[in-house]
Amino acid sequence: MLVDGEAIDSCIYLTMWAKGRSIMTVEGLKGPNGELSLIQKAFIEEAAVQCGFCTPGLIMTAVEIVGTGKRYNREELRKMISGHLCRCTGYENILNAMERIVEETYKVVGTQES
Ligand code: FES
């Protein structure tokens, strides 16, 4: 989840720390009619799927990354998701999805270089 825009491990975050802070979970990414966000669509289209813990965590990390407005390359993205320690599958499809959404967002928003 994101706390004030920063991805954190929700499983080790005490509820009392959240008082007065902005919290966003993967459920908050849906549009008003339940449509998926561009990041969620990118994960589906790139088959960047893992379990019900890993996938939301990686998607919320992607939200944080995209929110920086920086154009990270694949190696930078790999380092940025290094806190996700799943060994069930590979990370290539996840990186494909992240790279894609970073590029798509950068083209639309056209923000600063990293
Ligand atoms: S897919 Fe979640 S622990 Fe491996």
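The structure contained in this document is the topic of the report that follows. Every value quoted in this text rests on a predicted model; they were computed, and no experiment measured them.

1. Topic: the overall build of the protein chain
Then comes step 1: Scanning the protein chain from terminus to terminus reveals four helices and three strands.
Then comes step 2: Listing each helix as α and each strand as β along the protein chain from the N terminus yields β-β-β-α-α-α-α.
Then comes step 3: C-alpha extents for the protein chain along the principal axes are approximately 40 × 35 × 30 Å.
Then comes step 4: Out of the 114 residues belonging to the protein chain, those deemed buried represent 35%.
Then comes step 5: When contacts within the protein chain are restricted to residue pairs at least 6 apart in sequence, long-range pairs at least 24 apart make up 57% of them.
Then comes step 6: Surface accessibility of the protein chain: about 7100 Å² in total, with carbon and sulfur atoms responsible for 57%.
Then comes step 7: Side chains of the protein chain give 12 positive and 15 negative charges; the mean places of these two sets differ by 2 Å.

2. Regarding the packing of aromatic side chains
Then comes step 1: Counted under the stated rule, the structure contains one aromatic pair.
Then comes step 2: Seen in terms of ring centroids, Tyr13 and Trp17 are 5.3 Å apart; in terms of plane orientation they differ by 85 degrees. Their pairing is edge-to-face.
Then comes step 3: A residue is classified by how much of its surface remains accessible, and Tyr13, at 15% relative accessible area, is buried.

3. What about the packing of helix H1 (residues 38-45) against helix H2 (residues 54-67)?
Then comes step 1: It is the contact of H1 with H2, at a shortest axis distance of 10 Å, that shows an interaxial angle of 125 degrees. One way to sum up the angle between H1 and H2 is to call them oblique. When the axes of H1 and H2 are compared, the crossing they make is right-handed. In this structure, H1 contributes Ile39, Gln40 and Phe43 to the contact, and H2 contributes Leu58, Ile59, Ala62, Val63 and Val66.
Then comes step 2: Tallied by class, the residues present in the contact of H1 with H2 amount to seven nonpolar, one polar and no charged.

4. Describing the pattern of salt bridges
Then comes step 1: In the structure shown here, the tally under the stated rule is nine salt bridges.
Then comes step 2: For Arg74, the salt bridge goes to Glu99, with nearest N and O atoms at 2.9 Å. Taken together, the residues span a long stretch of sequence, with Arg74 in helix H3 (residues 74-80) and Glu99 in helix H4 (residues 92-109) at a distance of 25 residues.
Then comes step 3: For Arg100, the salt bridge identified is with Glu104, shortest N-O distance 3.2 Å. Taken together, the residues Arg100 and Glu104, both in helix H4 and four residues apart, mark about one turn of the helix.
Then comes step 4: When salt bridges with common partners are traced through the structure, they connect Arg74, Glu75, Arg78, Glu92 and Glu99 into a single cluster.

Thresholds applied
- Residue indices follow the written sequence of each chain, beginning from 1 at its first position.
- Side-chain atom pairs in this predicted model are given and counted only at pLDDT of 80 or more, local residue features only at pLDDT of at least 70, and totals for whole chains, interfaces and linings cover all residues.
- No hydrogens and no water enter the side-chain calculation; it runs on all heavy atoms of the structure.
- Secondary structure counts use DSSP, requiring at least four H or I residues in a row for a helix and at least two E residues in a row for a strand, with both numbered from the N terminus.
- Only protein chains enter the accessibility calculation, which uses a 1.4 Å probe. A residue is then buried if its area is under 20% of the maximum for its type, exposed if over 50%, and partly exposed in between.
- The contact criterion used is simple: two residues touch if any of their non-hydrogen atoms lie within 4.5 Å.
- In short, Shrake-Rupley with a 1.4 Å probe defines the accessible areas, and a residue's cover is counted only from the protein chains shown.
- His is not counted here, nor are the chain ends, while Lys and Arg score as positive and Asp and Glu score as negative.
- To locate a charge, take NZ of a lysine, CZ of an arginine, CG of an aspartate or CD of a glutamate.
- By convention, a stacked pair of Phe, Tyr or Trp rings (six-membered ring in the case of Trp) has centres within 6.5 Å and planes under 30 degrees apart, an edge-to-face pair has planes over 60 apart, and any other such pair is tilted.
- For every element, the axis is a line fit to its C-alpha atoms; helices are fit only across the contacting stretch, and the angle between N-to-C directions ranges from 0 to 180 degrees.
- Any angle between 65 and 115 degrees counts as roughly perpendicular, while under 35 counts as roughly parallel, over 145 as roughly antiparallel, and the rest as oblique.
- Helix crossings get a hand from a simple test, with the near helix turned counterclockwise from the far one by less than a right angle marking a left-handed crossing and a clockwise turn marking a right-handed one.
- When residues are grouped by polarity, Ala, Val, Leu, Ile, Met, Phe, Trp, Tyr, Cys and Pro land in nonpolar, Asp, Glu, Lys and Arg in charged, and all others, Gly among them, in polar.
- Basic side-chain nitrogens of Lys or Arg form a salt bridge, by our definition, when they fall within 4 Å of a carboxyl oxygen of Asp or Glu.

None of this, on its own, says anything about what the molecule does.
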